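Notes for the structure review
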Amino acid sequence: MIRLSLGSIFSLFAIFLAAPHADEQPSRIVSLGGSVTEIVYALGEGDRLVARDTTSNYPPEANDLPDVGYIRRLSAEGVLSVSPDLILAEEGAGPPEVVAQLHQAGVPMVDVVETPTVDAIREKILTVGKALGTEPDAKALADKVMQDLETALETPVSAEKRVLFILSMQGGRIMASGQDTAADGMIELVGATNAMQGFSGYKTVTGEAVIAAAPDVILMMDRSGDHAMADDDLFAHPAIATTPAGENRAVIRMDGMRLLGFSVRTPEAAQELIAALNGLGS
């Protein structure tokens, strides 16, 4: 026979009271991942969020929520401190041991696909909508985003552009995007070419590799603080200076989450990037 202490009984009873019943929708949601947070707000459900991660900085009101940390460096204590009844998390949230602790705590956790493709945008929206119990609204939103994206892509890039996406340049070391990244997906989506080929992910590349890539355009996130880099410093880099992008001082800076999020703002990002590429001339 299993005997429970009085304290254990009270603990189990408290968990039962705190957990949402089958006919109730979660009302204390933690959103981990900027693209997921944008979808929650786009569905008009932002008032159900009680916390978000550091990458969730849009819309502006998201910044008023408690910040539980960077999506890949979370702590279980931080996430659980806001007493969530649902966690929405982009794939890759972690570290894995923290995700395991969150599962052990018994809080429902929904993983949202994080693939930089058009199909994934629809899947993200529908997944979030199902978790929130707003499937009809999610389908309508997904249809609108797909239509807006189709419209944005009707304007082609006027000439083939070789684009080098630089994630960072701390200490003069260039960390660039290869394949299988959000930056690569966005460059391909608008009809341009990723100048860096032959590797996956983000990688520190040599000056020789940059020169060989011969980019027409440098694409960067619009940053401030320690990660910011002025145009003069960018084009003073010996390798970049010798490329077509360096010779023409061709750089495009965009909001990082809008550019790389593959979410509800992707049509805007595509339209902005196409216009910027076309504005640089052939």
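Residues numbered from 1 in each chain as written. Predicted model: local features only at pLDDT ≥ 70, side-chain atom pairs only at ≥ 80, totals over all residues. Heavy atoms only, no water.

**A look at unusual backbone geometry**
Of note, the bond from Tyr-58 into Pro-59 is cis; its omega dihedral lies within 30 degrees of zero at -5°. For Pro-59, the position within the fold is in the loop between strand E2 (49-52) and helix H3 (76-80). Cis rather than trans, the peptide bond between Gly-94 and Pro-95 has omega equal to 10°. As for its position among the elements, Pro-95 is in the loop between strand E3 (86-90) and helix H4 (96-104). The backbone of Ser-83 sits at a positive phi, close to 55°, despite the residue not being glycine. Within the fold, Ser-83 resides in the loop between H3 and E3. Classification of Ser-83 as partly exposed rests on a relative accessible area of 48%. The phi dihedral of Phe-262 falls on the positive side, at around 45°, and the residue is not glycine. Among the residues examined, Phe-262 registers a relative accessible area of 2% and is labelled buried. (Helix = DSSP H or I, 4+ residues; strand = E, 2+ residues; numbered from the N terminus. Buried < 20%, exposed > 50% of the residue type's maximum accessible area, 1.4 Å probe, protein only.)

**Things to note about the pattern of salt bridges**
Scanning the entire structure with this criterion turns up 12 salt bridges. A salt bridge links Asp-232 to Arg-249, with the shortest nitrogen-to-oxygen separation between them at 2.9 Å. Highlighted residues: Asp-232 in helix H9 (residues 231-236) and Arg-249 in the loop between helix H11 (244-248) and strand E10 (251-254), separated in sequence by 17 residues. Across the pair Glu-272 and Arg-258 runs a salt bridge, and its minimum N-O distance is 2.9 Å. Taken together, the residues span a long stretch of sequence, with Glu-272 in helix H13 (residues 266-279) and Arg-258 in helix H12 (residues 256-260) at a distance of 14 residues. Residue class for Glu-272 comes out partly exposed when judged on its relative accessible area of 28%. Three or more residues are tied together by salt bridges with common partners; here these are Glu-38, Asp-255 and Arg-265. (Salt bridge = Lys/Arg side-chain N within 4 Å of Asp/Glu carboxyl O.)

**Digging into the pairing of strand E4 (residues 109-112)**
Pairing of E3 with E4 involves 4 bridges; the strand directions are parallel. By the bridge assignment, Glu-90 is partnered in E4 with Val-112. Handedness of the E3-H4-E4 crossover: right-handed. (Pairing = 2+ DSSP bridges. Right-handed = clockwise from strand over helix to strand, strands pointing away.)

**Some thoughts on the sheet that holds strand E1 (residues 29-32)**
With parallel pairing, the 4 strands of this open sheet are ordered in space as E2-E1-E3-E4. The open sheet has two free edges, formed respectively by E2 and E4, since each of these has just one partner strand. The average angle at which neighbouring strand axes cross in this sheet is 20°, direction not considered. (Axes fitted to C-alpha atoms, helices over the stretch in contact; angles between N-to-C directions.)

**Brief notes about the packing of aromatic side chains**
Inspection of every chain in the model, using the stated rule, returns 1 aromatic pair. Judged by centre distance (6.2 Å) and plane angle (55°), the rings of Phe-165 and Tyr-202 are tilted. Here Phe-165, found in strand E5 (residues 162-168), pairs with Tyr-202, found in strand E8 (residues 202-205); they are 37 residues apart in sequence, far enough to count as distant. One residue, Lys-203, lies across the ring of Phe-199, its end atom 5.3 Å from the ring centre. Between Arg-265 and the ring centre of Tyr-58, over which it is positioned, the NZ or CZ distance is 3.7 Å. (Phe/Tyr/Trp six-rings, centres within 6.5 Å; stacked < 30°, edge-to-face > 60°. Lys NZ or Arg CZ within 6 Å of the ring centre and 35° of its normal.)

**Here's the deal with helix H5 (residues 118-132)**
Between its first and last C-alpha, H5 extends 22 Å over 15 residues, near the 21 Å set by a 1.5 Å rise per residue. All of the buried residues along H5 are Ala-120, Ile-121, Lys-124, Ile-125, Val-128, Gly-129, Ala-131 and Leu-132. Its buried side turned inward, H5 meets E1, helix H2 (34-42), E3, E4, helix H6 (135-152) and H13. The positive-phi residue at the C-terminal boundary of H5 is Gly-133, with phi of around 75°. (Expected span 1.5 Å × (residues − 1). Contact = heavy atoms within 4.5 Å.)

**Considering the packing of H6 against H13**
Contact geometry of H6 with H13 gives a least axis separation of 8 Å together with a crossing angle of 5°. Taken as axis vectors, H6 and H13 run roughly parallel relative to one another. Contacts from Val-145, Asp-148, Leu-149 and Ala-152 in H6 reach Thr-266, Pro-267, Ala-270, Gln-271 and Ile-274 in H13. Residue composition of the contact of H6 with H13, grouped by class: 6 nonpolar, 2 polar and 1 charged. (Parallel < 35°, antiparallel > 145°, perpendicular 65-115°, else oblique. Nonpolar A, V, L, I, M, F, W, Y, C, P; charged D, E, K, R; others polar.)

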